[in-house]
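What follows is the residue order along each chain.
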Amino acid sequence: MFKLSAIAKGCALAALSCSPFVQAAENVSTNDQPNIIVIMADDLGQWATSFRNQDIIETPNLDYLAENGVRFENGMTPAPVSSAARASFHTGKMPSQHGVYDFLAEDPKFDANWLDGEKLLSERMKDEGYRTALMGKWHATTDSKDPIRGFDRWLSYDALEAGWKNQYLHSGTVLFSSDGENMEYTGIQAQFLTDETLKFIDQDNDQPFFVSLNYVEPHFPFEGLPERLVTKYRGIAHKVVAFGGNSVLDHMSDFTLVPDDHEEQLAQYLAAVTLLDDQLGKLIDGLEGRDLLENTVIAFVSDHGLLMGQHGLYGKVNASFPYNYYEETVRIPFVVSGPEKYVRQKQVRGEFVDLLDLHATVLDLAAGDKQSYDTSYGPGKTLLPMLKGERVREWREYQFAERGNSRMISNGHWKLIRYYPNPEVNKEPEDHWYDLSNPMGERYLSEPPREELRVKMIADLDAFFEQYSSDKFDGLKMWELAYPNFTTEDMLKHERWN
């Protein structure tokens, strides 16, 4: 249980008549509610951790978190692009339900009142008696200066004032929005976000806390990382992803091709991963030093993965055309640690899990000793039984993801990417099948599986989105939806869809 202040404890023990503190103690929820911190990295692929490159990439604190909790080998994103993934986590819904289907350019002309009418995770957590904070990246709407509903503490950015790139600077001067007021910080940005998180935790308050902690590492630009970390990787980065590679998909632009200084940029990217890991260690130590670790659940995830030379590309879903759902793009690190009551330690789970399940799990934990939280508004399901080490038989067979007029279904062996044309065109969808067991992986398209499985997977894909899409926001109708950014119009006009 979250802890009363030392003064309040003393008053209670001595049965003294210090009414303000007695009153505070009486107002503490009787529910069994842990503190919860969700750490979300930006563009961190599962491949870029020690789980996949144990002898090269240094993430000892993430390893420690996994050893004291649960590592999900098949952690996935429901939308391999930042704004859509983050909107999905905060709403518990698919993009075809909430309407954010691509990255949102931080420009007033692309503001379409995104997520208006949605009840956010922050609001739901407030309803459950939590004090809430968002630290770092929001990017689920077009502007993050003004605090978003449901958050008691807001520390994000003013990209409209400073320009979109400023918020992604790993070092130097960054313009933040602190509860709506501009403030500058000069130094290592990730360290500042960690310090501010601990300050929020230190506030004298008897409520349990929920923190959405969103670092911008290891997002582009791949520069400005601490030299002490970059130097670790300069000579060995090529062992993680060597220069060279190709696929059957076109590159989106010259910017998404592997640069000539690939080894340096990759070394910076990997240094950002280790910087993140440093912050995780600092946060864990801070909680332990405050005697809060025993009742705090920590989840470490990313919004989606990233290509850093794999398939000859740099970028995410939009590194290629048509859009890719390569394993490096959709697979994310997914680790949850916490008190033994909630988390059976030293587990490795193989089920498909994603950010929508994390949304449901946070709310289930917040419900405390009440009945499980109802998250039937979206496809996510609580992971609490898995966290506790239970054998879960009734779990989904597939992982789904989407980006506008493209959708993915995968059973871990077969993956189908279906591209849908403009509804005004009398044209069948374009199907790309991948056999993930093939030694060539996703370098080439595969012949479809046997007819029975092919028909079933297509039917199951249709059934999923029939349930988890709305008439207003269905991604297949993106020709009718508001433009999220400056590239959308050209893409919608592309002859492939018309």
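In short, a report on the structure. Everything quoted here is computed from the prediction, not taken from an experiment. (Residues numbered from 1 in each chain as written. Predicted model: local features only at pLDDT ≥ 70, side-chain atom pairs only at ≥ 80, totals over all residues. Heavy atoms only, no water.)

## A few points about the overall build of the protein chain
- Regarding its fold elements, the protein chain presents 16 helices and 18 strands.
- Over its C-alpha atoms the protein chain spans a radius of gyration of 23 Å, differing by no more than 12% from the 23 Å that the globule rule assigns to 498 residues.
- For the protein chain, the C-alpha atoms occupy an extent of roughly 80 × 50 × 45 Å along the three principal directions.
- Here the protein chain holds 498 residues, and 60% of them are scored as buried.
- Summing over all exposed atoms, the protein chain offers an accessible surface of approximately 20100 Å²; the carbon and sulfur share of this is 47%.
- The protein chain carries 48 positive and 78 negative side-chain charges, and their two centres are separated by 4 Å. (Helix = DSSP H or I, 4+ residues; strand = E, 2+ residues; numbered from the N terminus. Rg over C-alpha atoms; globule rule 2.2 N^0.38 Å. Buried < 20%, exposed > 50% of the residue type's maximum accessible area, 1.4 Å probe, protein only. Areas by Shrake-Rupley, 256 points an atom, 1.4 Å probe, with all protein chains shown as cover. Lys, Arg positive; Asp, Glu negative; His and termini not counted. Charge placed at Lys NZ, Arg CZ, Asp CG, Glu CD.)

## Overview of the pattern of salt bridges
- Inspection of the entire model under this criterion finds 32 salt bridges.
- In this structure, Asp152 and Lys126 form a salt bridge, with 2.7 Å as the shortest nitrogen-oxygen distance. Of this pair, Asp152 sits in the loop between β3 (131–136) and β4 (153–157) while Lys126 sits in helix α6 (residues 121–127), and the two are 26 residues apart along the sequence.
- Taking relative accessible area as the criterion, Asp152 reaches 39% and is therefore assigned partly exposed.
- For the salt bridge of Asp460 with Lys456, the shortest nitrogen-to-oxygen distance reads 2.8 Å. In this pair, Asp460 and Lys456 are both assigned in helix α15 (residues 451–467), 4 residues apart and thus about one turn of the helix distant.
- Owing to a relative accessible area of 24%, Asp460 belongs among the partly exposed residues under this scheme. (Salt bridge = Lys/Arg side-chain N within 4 Å of Asp/Glu carboxyl O.)

## A look at helix α13 (residues 355–366)
- The end-to-end C-alpha distance of α13 is 17 Å, a good match for the 16 Å that 12 residues give at a rise of 1.5 Å each.
- Buried residues dominate α13, accounting for 12 of its 12 residues.
- Residues Leu355, Leu356, Asp357, Leu358, His359, Ala360, Thr361, Val362, Leu363, Asp364, Leu365 and Ala366 constitute the buried set of α13.
- The distance from a side-chain oxygen at the start of α13 to the backbone nitrogen of Leu356 is 3.0 Å, and the residue carrying that oxygen is Asp354.
- Positive phi shows up at Gly368, right after α13, with a value of about 60 degrees. (Expected span 1.5 Å × (residues − 1). Polar contact = N/O pair within 3.5 Å; in protein donor to acceptor, adjacent residues only side chain to side chain.)

## Quick notes on the sheet that holds strand β16 (residues 406–410)
- Spatially, β15-β16-β17-β18 is the arrangement adopted by the 4 strands of the open sheet, whose pairing is antiparallel. Looking at strand neighbours, the two that pair on one side only are β15 (399–403) and β18 (430–435), the edges of this open sheet. Averaged over all pairs of adjacent strands, the angle between their axes in this sheet comes to 15 degrees, without regard to strand direction.
- Note that strand β17 (residues 414–419) and β18 share 6 bridges and pair antiparallel. Opposite Tyr419, over in β18, you have Glu430 as the bridge partner.
- Contacts from α15 reach β15, β16, β17 and β18 within the one sheet, and its direction differs from that of β16 by about 125 degrees. (Pairing = 2+ DSSP bridges. Axes fitted to C-alpha atoms, helices over the stretch in contact; angles between N-to-C directions. Contact = heavy atoms within 4.5 Å.)

Nothing here speaks to function; it is geometry throughout.
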